[in-house]
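Listed below are the residues making up each chain.
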Amino acid sequence: MMDDMDFWKRRRVLVTGGAGFLGSNLCHALAAAGARVTALDAMLPDGGANPANLEGAGVLLVRGDIRDTELLSLCQGTEVLFNMAAQTSHMGGQRDPVADIAINAVAQVRLIQVMREAAPTARVVHASTRQFYGRPIALPVDELHPVNPPDANGVSKWAGEQYWMLENRVLGRPVVSLRLTNCYGPRLRIADARQTFLGIWIRRLLEGEPFEVWGGAQLRDLAYVDDVTQAFLTAAEQADAPGVAGRVFNLGGAPPVSLLELAELCIAANGGRGSFSTREFPADRAPIDIGSYHANDSAFRAATGWAPRVPLPEGLRRSLDWYRERLPDYAPKA
Ligand SMILES: NC(=O)c1ccc[n+]([C@@H]2O[C@H](COP(=O)([O-])OP(=O)(O)OC[C@H]3O[C@@H](n4cnc5c(N)ncnc54)[C@H](O)[C@@H]3O)[C@@H](O)[C@H]2O)c1
């Protein structure tokens, strides 16, 4: 087993989307492990970007957009690329699929071409999504499940992933793609429900307001962000190993719970304080809803030895505690 700290010491790492939820958590972990980290982020207003996310991280934040920023000097010398930048809104992708594909596919190809020139041997871990499996045919979902994107965002994310996988197949670059389930934890956007329903639940709980559960029977296997960060680090450390290089892996989290069970767990994690109401799934979202999902991520576990460590009640408690002190930065009053 490789010594993680030695692997990362002085390693030159580029994190696209580094001021967002998952990217910033990775930046903190990488810098703490001794890596030299550059975070590239366009600070788009509708996603998870937040300047507070990188406070105290000790990384260089470059404000730039992968669609048009000069990337060559930024990528030069990169040894590991964590590729987290994306248009992540499902409704946003439906409204403007051209803008969606411009980031999630066209700009990915742009980045790929620059990386060929600037950092031809760098490892790449790409943040992919369970979204493009669509409404699961059977649960749990493994990597052989058909790809049936339910929305434009699913199509663009699938295309982006496949362009990166070609870099492995055609050129032999060590690339790993992680198809993530719903992730949660510190540095998530909680101002509203744009990043995930759980964001607004957390905000409402901390503000002492009721929150809404849409539907309620849907199953989710939420992944706590520290476990997700560890999965990305592990994937990068082993990206050139046989059985890991060039593979796409599902990444799940805690054992599945229904949204109603999750709502109760949130209230328990908030010391028993809080309440919620249930309502029908809104008509404009119902056609792109995927229903229940939980991942079979045994392939990633077997290939790398990774396993999630943070149980759901503990992760919810940690998340609420973290935001309690930081509401002005993450949920400013209008
Ligand atoms: N959070 C989850 O539950 C989840 C689930 C599945 C997949 N993912 C994937 O993980 C990755 C990170 O997601 P996240 O939850 O941290 O989202 P996020 O919105 O918090 O982070 C994405 C970051 O990318 C930046 N960005 C977007 N377009 C950019 C561009 N053109 N140039 C530069 N920066 C740009 C945004 O400003 C944002 O800070 C995404 O690729 C997403 O599709 C996340």
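Figured I'd write up the structure that's included with this text.

Cut-off values and rules
- Residues numbered from 1 in each chain as written.
- Predicted model: local features only at pLDDT ≥ 70, side-chain atom pairs only at ≥ 80, totals over all residues.
- Pairing = 2+ DSSP bridges.
- Helix = DSSP H or I, 4+ residues; strand = E, 2+ residues; numbered from the N terminus.
- Axes fitted to C-alpha atoms, helices over the stretch in contact; angles between N-to-C directions.
- Contact = placed C-beta atoms within 7 Å.
- Core = buried A, V, L, I, M, F, W, Y, C linked by C-beta atoms within 7 Å.
- Buried ≥ 20, exposed ≤ 12 C-beta atoms within 10 Å, placed from the backbone.
- Expected span 1.5 Å × (residues − 1).
- Near = placed C-beta within 6 Å.
- Nonpolar A, V, L, I, M, F, W, Y, C, P; charged D, E, K, R; others polar.
- Right-handed = clockwise from strand over helix to strand, strands pointing away.

1. With respect to the sheet that holds strand β1 (residues 12-16)
So, step 1. Judged by pairing direction, the sheet is parallel, and its seven strands sit side by side in the order β3-β2-β1-β4-β5-β6-β11 without closing on themselves. Each edge of the sheet is formed by a strand with only one pairing partner; in this case those strands are β3 (60-63) and β11 (247-251). The mean inter-strand angle of the sheet, taken between neighbouring strand axes irrespective of direction, is 20°.
So, step 2. In terms of strand pairing, β1 meets strand β4 (residues 80-83) through four bridges, oriented parallel. Opposite Leu14, over in β4, you have Leu81 as the bridge partner.
So, step 3. Relative to strand β2 (residues 36-41), helix α2 (residues 21-32) is tilted by about 165°, and along the sheet it contacts β1, β2, β4 and β5 (123-129).
So, step 4. With respect to the sheet, helix α8 (residues 225-237) is in contact with β4, β5, β6 (175-180) and β11, its orientation differing from that of β6 by roughly 160°.

2. Thoughts on the nonpolar core
Nonpolar side chains tend to gather and get buried jointly when the protein is soluble and globular.
So, step 1. Ranked by size, the top nonpolar core spans 91 residues in total, and within it Cys27, Leu178 and Phe232 carry the most contacts.
So, step 2. When neighbours within four sequence positions are excluded, Cys27 is seen to be in contact with Val15, Gly18, Val37, Ala39, Leu54, Ala57 and Val59.

3. Side note on α8
So, step 1. Here α8 spans 18 Å end to end across 13 residues, near enough to the 18 Å set by a 1.5 Å rise per residue.
So, step 2. Burial of α8 is extensive: 12 of the 13 residues sit out of reach of the surface.
So, step 3. Burial in α8 covers these residues: Val225, Asp227, Val228, Thr229, Gln230, Ala231, Phe232, Leu233, Thr234, Ala235, Ala236 and Glu237.

4. Comments concerning the site of the ligand
So, step 1. Near the ligand lie 32 residues; those nearest to it are Gly17, Gly20, Gly47, Gly48 and Ala49.
So, step 2. Put simply, the parts of the chain that give the shell around the ligand at least two residues each are α2, β2, α5 (97-118) and β5.
So, step 3. Among the elements that take part in the shell around the ligand, α2 stands out by supplying three residues, more than any other.
So, step 4. A per-class count over the shell around the ligand returns 17 nonpolar, 11 polar and four charged.

5. Things to note about the pairing of β2
So, step 1. Taking burial as the measure, the six residues of β2 include five buried ones, the bulk of the element.
So, step 2. As defined by bridge partners, β1 adjoins β2 across five bridges and the pair is classed as parallel. Within β2, the position partnered with Leu14 by the bridge is Thr38.
So, step 3. You can see the chain leave β1, run along α2 and come back into β2, and the turn it takes is right-handed.
So, step 4. Relative to β3, β2 runs parallel, the two sharing four bridges. From the neighbouring strand, Asp41 faces β3, where its bridge partner is Arg63.

6. So, the environment of Arg204
So, step 1. Here Arg204 lies in helix α7 (residues 197-206).
So, step 2. You can call Arg204 partly exposed: it has 19 C-beta atoms within 10 Å.
So, step 3. Considered as a pair, Arg204 and Val59 are 145 residues apart in the sequence and their alpha carbons are 32 Å apart.
So, step 4. Sequence-distant contacts of Arg204, defined by excluding residues within four places in its chain, comprise Glu209, Pro210 and Phe211.

7. Concerning helix α6 (residues 152-171)
So, step 1. For α6, with 20 residues, the first-to-last C-alpha span of 29 Å sits near the 28 Å given by 1.5 Å per residue.
So, step 2. For α6, the complete set of buried residues consists of Ala152, Asn153, Gly154, Val155, Ser156, Lys157, Trp158, Gly160, Glu161, Trp164 and Met165.
So, step 3. In this structure, the buried side of α6 is in contact with α4 (90-95), α5, β5, β6 and β11.
So, step 4. A positive phi of about 80° marks Gly172, the residue just after α6.

8. Here's the deal with unusual backbone geometry
So, step 1. Leu139 connects to Pro140 through a cis peptide bond whose omega is -10°.
So, step 2. In this structure, Arg10 is a non-glycine residue whose phi angle is positive, near 65°.
So, step 3. Relative to the helices and strands, Arg10 resides in the loop between α1 (4-8) and β1.
So, step 4. Note on Arg10: 8 C-beta atoms within 10 Å, which makes it exposed.
So, step 5. For Arg187, which is not glycine, the phi torsion reads 80° and is therefore positive.
So, step 6. Mapped onto the elements, Arg187 comes out in the loop between β7 (183-184) and α7.
So, step 7. Here Arg187 falls in the buried class, since 25 other C-beta atoms lie within 10 Å of it.

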